[in-house]
There are 2 protein chains.
Amino acid sequence: MEGQAISTLCTPALVVDLDKVKKNAQRMIERCQKMGVQLRPHMKTHKTLECADIMTGGSRRCIVVSTLAEACFYADHGFDDILYAYCLPFDKVERCALLSERLDLFQVLLDHPDALQQLKKRPLKDGRLWHVWLKIDCGNGRAGVLHSEPEALRLAQAIAGTEGVELTGVYAHCGNSYNCRGVEQIQAVAQETTTLTLQFMEKLKAFGIICKSSIGSTPSCSHPVKDMEQLSEVHPGNYVFYDTQQSVIGSCSLGDVAVRVLTRVIGHCPHRNQLLIDCGWTGISLDGAGKLPTGYAMIEGHPNLKLLSMTQEHGRVEPISGPLDYSKYPLGSMLTLIPYHSCASAVMHPVYHVHSEGRLLGKWTPTCGW
Amino acid sequence: MEGQAISTLCTPALVVDLDKVKKNAQRMIERCQKMGVQLRPHMKTHKTLECADIMTGGSRRCIVVSTLAEACFYADHGFDDILYAYCLPFDKVERCALLSERLDLFQVLLDHPDALQQLKKRPLKDGRLWHVWLKIDCGNGRAGVLHSEPEALRLAQAIAGTEGVELTGVYAHCGNSYNCRGVEQIQAVAQETTTLTLQFMEKLKAFGIICKSSIGSTPSCSHPVKDMEQLSEVHPGNYVFYDTQQSVIGSCSLGDVAVRVLTRVIGHCPHRNQLLIDCGWTGISLDGAGKLPTGYAMIEGHPNLKLLSMTQEHGRVEPISGPLDYSKYPLGSMLTLIPYHSCASAVMHPVYHVHSEGRLLGKWTPTCGW
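These numbers were taken from a predicted model, which means no experiment stands behind them.

A few words on the environment of Ile-63 of chain A. In this fold, Ile-63 of chain A is placed in strand β3 (residues 61-65). The sequence separation of Ile-63 of chain A and Phe-79 of chain A amounts to 16 residues, and the corresponding C-alpha distance is 8.3 Å.

So, in structure tokens, the structure goes:
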């Protein structure tokens, strides 16, 4: 297939524009270099070796993952300095211990004293330390101990004071930047998360505790604020692909989005003024319901079309206004979907087709599961 | 892992109750035998060899699939008499031709004259015939030529009159039964679809055309009407697993649902009166948004809990009313989700864990992609 046009692919197919991936990755690398902050790119969006190589500039060091399956996959392929940024799951402590004993630097994360107890119960061999990040919540409202709770400081002290355990850093995810519209709002969230994290670091310092700090999210790292220079690390991930959601937030332009789902017209339904396409929710996911005027995705080059609904293998497309001109959409013709959320679309595909300017270069195979 | 309790699994994990699967499958086999109608079970829900064996009573014959990947997977493992019940995708005609030339009986489906032209352009070798089902729409509103359109009869005649092509049957999917509540409404849809299909068969007969007829959907085949005895085949699929959606529709009782997603508590958020669990949309899918009072799933044994929202690897759970008693949900404790839509949840899992009465028996590995 190499060298052939992407239009020769069977559909649905997820295609990755390698030039845009490299550009998105390089821009983030340079931005972080300029800030003097270590970039620890997140792998959750693509879960492939090839894209991880691009995001780490070939170093295969300093990554963050969302599942232990990703951690093992990268560890098995020569990656190291891996942060498993997920509140320590008690069923996976032994697997985490084995990775900690095997890699130069495997790092875990927690937000509760009970998790620290789990680590104490499983000391590492050969005098190795558990490298632990404390997750704090600076307004995101998902995981993490609230930055303002006395418990947060107590837990940091407990980690730092536990034998066999090292407090490696303080970690905050500013996923609340996904509610933003425009650079100003994004930077307000970036500023708030940074300020609260740095204040927390100061409080730790007062107790004689010095460790790293990291915040992240694609919106905030695409439009960083100056104070982020004081952080040790940032950990965005989605930016390597971007998506329609990020363009709506203001993280990127639509031209930066590196992934598409190719689909073909498989039905004409003039009695409903609709087309059927061969992309259902198995091809792009149900993420983005009600978020875009064009439905579950944007249809490239056809701003008047809406991906109205999907079943397992079918998508219903209708015009936003007016009657469909079926002569423009013959059966078998291709449509190109720009996903609402590339993380959600990518996870539906067992393989990604990589291209440059529409010519196929090869395939990337993501890892999956947990 | 065999013989161990399912509670030892790492989470999220999709578990399949083999006893319920066998019971659901056997009940459908017996129901169809009693009706004198051929059961052609749909594979789209599970996509595994093991479950296909159970659904076909070990014959490995007479199945229906939703993707060509499924067709190839089953063909490669000794299955035959396979109906690819998806409006002939023009990019996959050659692969369909190869399956038609290789299997005893590979069958395709179409609803448009342009698709028939595609078959004519690719005659099969050795005098083999394309076995073609005509898809008609009897009110479902997705694929299929409208049963009432003169075009439907013309297309049937064209298929029957084309050299190298055989009109094998007429196929209607009554997915509109998913809008029903209760047996009465389900049977009204089953009756209407059956009546319209049989009327269409009569019209064909008047033109001297005799072929098979098939309707399907889990609700209608779980509560068949007498006239369905006049059909050649039925083609339900989801019934082997069932799910919360089917219990709400009235296809089954909640006790019949054979799949669960196991998850664990990974966070306590008393400031939000929430728990975090390790099942995000990668573990159960976003299907069912806004459909259940308990959110994206039911949480077995905890009717007051709601799966409120999910991100990639996190689920937020809150009580429907009152404050959470965190002592009942310690970190690391397991919760059991009954999926809203088992087809959508199963497709998220690279492996299913099969058990009997909570003791692991082994793993099933589904096929994936297209």
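Here the narrative resumes, following the displayed structure.
Moving on, we come to the environment of Gln-199 of chain B. Secondary-structure assignment places Gln-199 of chain B in helix α7 (residues 183-206). In sequence terms Gln-199 of chain B and Pro-89 of chain B are 110 residues apart; their C-alpha atoms lie 28 Å from each other.

What follows concerns helix α6 (residues 150-160) of chain B. An α-helix turns once every 3.6 residues. As a result, residues three or four positions apart point the same way. Residues and elements named next belong to chain B. Taken as a whole, α6 has its buried residues at Ala-152, Leu-153, Leu-155, Ala-156 and Ile-159. The buried residues of α6 occupy one face: seen down the axis, they fall within an arc of 160°. For α6, exposure combined with an orientation more than 90 degrees from the buried face picks out Pro-150 and Arg-154. The inward-facing, buried residues of α6 contact β5 (106-110), α5 (113-120), β6 (130-137), β7 (145-146), β8 (165-173) and α7.

Residues and elements named next belong to chain B. A full pass over the atoms with the stated rule returns eleven aromatic pairs over all chains. Geometrically, the ring pair formed by Phe-73 and Tyr-74 is edge-to-face, given 5.2 Å between the ring centres and 70° between the ring planes. A single burial state applies to Phe-73 and to Tyr-74, both of which are buried. Ring geometry for Trp-133 against Tyr-171: centres 6.2 Å apart, planes inclined by 85°, an arrangement best described as edge-to-face. Taken together, the residues Trp-133 in strand β6 and Tyr-171 in strand β8 connect sequence positions 38 residues apart.

What follows is about unusual backbone geometry. Residue Pro-12 of chain A is bonded to the preceding Thr-11 of chain A through a cis peptide linkage, with omega at -5°. Tracing the sequence through the fold places Pro-12 of chain A in the segment before β1 (13-17). The backbone of Glu-357 of chain B sits at a positive phi, close to 50°, despite the residue not being glycine. In this structure, Glu-357 of chain B sits in the loop between β17 (352-356) and β18 (359-364). Look at Glu-357 of chain B and you get exposed, because its relative accessible area is 74%.

Within α5 of chain B, burial applies to Ala-115, Leu-116, Gln-118 and Leu-119 of chain B. Looking straight down α5 of chain B, one finds its buried side chains confined to an arc of 155°; they lie on one side.

Conventions adopted
- Residues numbered from 1 in each chain as written.
- Chains lettered and ligands numbered in written order.
- Predicted model: local features only at pLDDT ≥ 70, side-chain atom pairs only at ≥ 80, totals over all residues.
- Heavy atoms only, no water.
- Helix = DSSP H or I, 4+ residues; strand = E, 2+ residues; numbered from the N terminus.
- Buried < 20%, exposed > 50% of the residue type's maximum accessible area, 1.4 Å probe, protein only.
- Arc of directions from axis to C-beta.
- Contact = heavy atoms within 4.5 Å.
- Phe/Tyr/Trp six-rings, centres within 6.5 Å; stacked < 30°, edge-to-face > 60°.

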